[in-house]
Amino acid sequence: MSDLDSFRSDVAAWLETNAPESLRGRGASALEGVWGGKKWVYANPDAKLWLERCVEQGYTAPTWPKEYGGGGLSAAEAKALGQEMGKLRVPPPLIGFGLTMIGPTLLQYGTEEQKLEHLPKICRGEIRWCQGYSEPGSGSDLASVQTRAVRDGDDFIINGHKVWTSYADEADWIFALVRTDPEAKKQEGITFLLIDMASPGVSIAPIKLISGSSPFCETTFDDVRVPVKNVISKINAGWTVAKALLGHERTMIADAFGGGASGTSKKRKGLSDLARDYLGGDGEVADPLLRDEVAHMEMDTRAFLLTLQRTRDAAKAGHQPGAETSFFKIHGTELNMRRSELMVRLAGPQGLGWEGDGFDEDELARTRDWLRSRGNSIEGGTSEIQLNIIAKHVLGLPD
Ligand SMILES: Cc1cc2nc3c(=O)[nH]c(=O)nc-3n(C[C@H](O)[C@H](O)[C@H](O)COP(=O)(O)OP(=O)(O)OC[C@H]3O[C@@H](n4cnc5c(N)ncnc54)[C@H](O)[C@@H]3O)c2cc1C
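Conventions we followed
- Residues numbered from 1 in each chain as written.
- Predicted model: local features only at pLDDT ≥ 70, side-chain atom pairs only at ≥ 80, totals over all residues.
- Helix = DSSP H or I, 4+ residues; strand = E, 2+ residues; numbered from the N terminus.
- Rg over C-alpha atoms; globule rule 2.2 N^0.38 Å.
- Buried ≥ 20, exposed ≤ 12 C-beta atoms within 10 Å, placed from the backbone.
- Contact = placed C-beta atoms within 7 Å.
- Core = buried A, V, L, I, M, F, W, Y, C linked by C-beta atoms within 7 Å.
- Axes fitted to C-alpha atoms, helices over the stretch in contact; angles between N-to-C directions.
- Parallel < 35°, antiparallel > 145°, perpendicular 65-115°, else oblique.
- Left-handed = near helix turned anticlockwise from the far one by under 90°.
- Nonpolar A, V, L, I, M, F, W, Y, C, P; charged D, E, K, R; others polar.
- Bend = angle between axes of the 7 residues up to and from the residue.
- Near = placed C-beta within 6 Å.
- Domains from an automatic or database assignment.

(A) Seen up close, the overall build of the protein chain. Scanning the protein chain from terminus to terminus reveals 11 helices and eight strands. Relative to a compact globule of 399 residues, whose C-alpha radius of gyration would be 21 Å, the protein chain shows 22 Å and is just as compact. When the 399 residues of the protein chain are sorted by exposure, 40% land in the buried category. A separation threshold of at least 6 residues defines the contact pool for the protein chain, and within that pool the share at least 24 residues apart is 72%.

Encoded structure:
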């Protein structure tokens, strides 16, 4: 038996003993699960138990070094762990922006002190993070951020206004872009700063979406005092860090939406099953045109997932994401929008329920997923901006 085979069989045995029965067969989604943080309320005791057991093994961040709370696994071992978890269809023990965005960025740009302070808390699910990039006048033109940070001894005093801050009301800390030099070229006057949301002067106001939920907020900083030691990399060098984090964010978004595992529909019926339920058909979907569309969608999704898997393997082996993440972001979110649209069409009038007894829980959830999916081409940088990045940095086209 090779070392990897023996690791795999140890992991399978560990999972057999430790993966709670009630969580098996539930499937995995990068957006549903335990987000952690001080305000987190566990849906059931097994979710907490599953997290605690995985934390002990370092399995919430399998490839991160052990000294920061990770598992210290090689890329191949982490892949085997993922595959064994996949066989039982247990959800990931922990999800969120700590693991997918700020954690990898800290590993690359943080000081030893910053890594030791923040990474173990992320791995244990103790602190939940949100992202403070966008402002009312700075979305696509992110480098124009105006939130001001003025030095006062060992602190910065922060004043400004962030918008579309996903889950700010649930988060404990925020990673933010602030302007430290208003005179410099706009990219050269930005600093990447970590801010405790409990600091005096931080206030948040939820924004309600078309889907009916309020997953994001406006975040205001009013004379908020933040230690200079919370700067990642150097003062005025935040743009480089910001771009690196965006690479991680795009991969996370593509991962979350592209595979069809996103949304709130509890039963997660596949497209083919849904098509048979609504359109009938003995084995194959009765309507030939829709059958063709379903088959294309399933094939595109499978091909995309395989491509993403290769990227994940490369990331686990230490490859930092580059401009190719823009392709993943566009393609993954387009797939999700197409899939959500198709699900609504398959269900006919049953696909457009908002509330009431005429619709089951899954139908109502799918309508909201469909409405939520409209934001996919905007969040994490719009599709047009991704096309600009591909044109410039991948194809080398002139401005
Ligand atoms: C669901 C969701 C969650 C989000 N979560 C967060 C979060 O947690 N934290 C955070 O900081 N932000 C978050 N955002 C904000 C998001 O990053 C911005 O909305 C996005 O970057 C676009 O910025 P904007 O809304 O200001 O649009 P604008 O930049 O004003 O763009 C408007 C339109 O103009 C187009 N456009 C702009 N510039 C160009 C150009 N140069 N070339 C071609 N077309 C262009 C855009 O593509 C778009 O269609 C979230 C957004 C959504 C929808």
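(B) Molecular detail of the nonpolar core. By size, the foremost hydrophobic cluster in this structure holds 72 residues, and its most contacted members are W129, I174, L193 and I195. Residue contributions to this core peak at 11 residues, all from helix α6 (residues 238-258). In contact with I174, not counting residues within four places along its chain, are W129, C130, G132, A168, I195, M197 and T219.

(C) Spotlight on the packing of helix α4 (residues 97-109) against helix α5 (residues 112-123). As a packed pair, α4 and α5 sit with axes 10 Å apart at the nearest point and diverge in direction by 160°. Comparing the axis directions of α4 and α5 gives the class roughly antiparallel. The handedness of the crossing between α4 and α5 comes out as left-handed. Contacts from G98, L99, G103, L106 and L107 of α4 reach α5 at Q114, K115, H118, L119 and I122. Looking at side-chain class alone, the contact of α4 with α5 contains five nonpolar, four polar and one charged residues.

(D) Focus on α4. Largest kink in α4: about 35°, centred on G103, with the proline P104 one to four residues after it. Within the span of α4, buried status applies to F97, G98, L99, M101, I102, G103, P104, T105 and L106. On the buried face of α4, the contacting elements are α5, β1 (129-132), β4 (173-179) and α6.

(E) Spatial organisation of the site of the ligand. The local shell around the ligand holds 19 residues, among which Y133, G139, S140, S166 and T382 are the closest. Tallied by class, residues from the shell around the ligand come to six nonpolar, 11 polar and two charged. Domain assignment of the residues forming the shell around the ligand places at least three in each of domain 2 (129-236) and domain 3 (241-394).

(F) Examining the domain arrangement of the protein chain more closely. In terms of domains, the protein chain is made up of domain 1 (3-101), domain 2 (129-236) and domain 3 (241-394). Taking only C-alpha atoms, the centre of domain 2 and the centre of domain 3 are 29 Å apart. On the side of domain 3, eight residues touch domain 2, which itself brings 10 residues to the contact. Along the lines of polarity and charge, the residues of the side of domain 2 that touches domain 3 split into six nonpolar, four polar and no charged.

(G) Local environment of the packing of α6 against helix α8 (residues 288-316). Following both chains from N to C, one finds α6 and α8 inclined at 145°, their axes separated by 11 Å at the closest point. Crossing geometry of α6 relative to α8 is assigned as left-handed. Of α8, the residues touching α6 (which contributes T251, A254, D255 and G258) are F304, L308 and T311. By residue class, the composition of the contact of α6 with α8 is three nonpolar, three polar and one charged.

(H) Geometry of the environment of L116. Position of L116 among the secondary structure elements: in helix α5. Separated by 48 residues in sequence, L116 and Y68 have C-alpha atoms that sit 6.0 Å apart.

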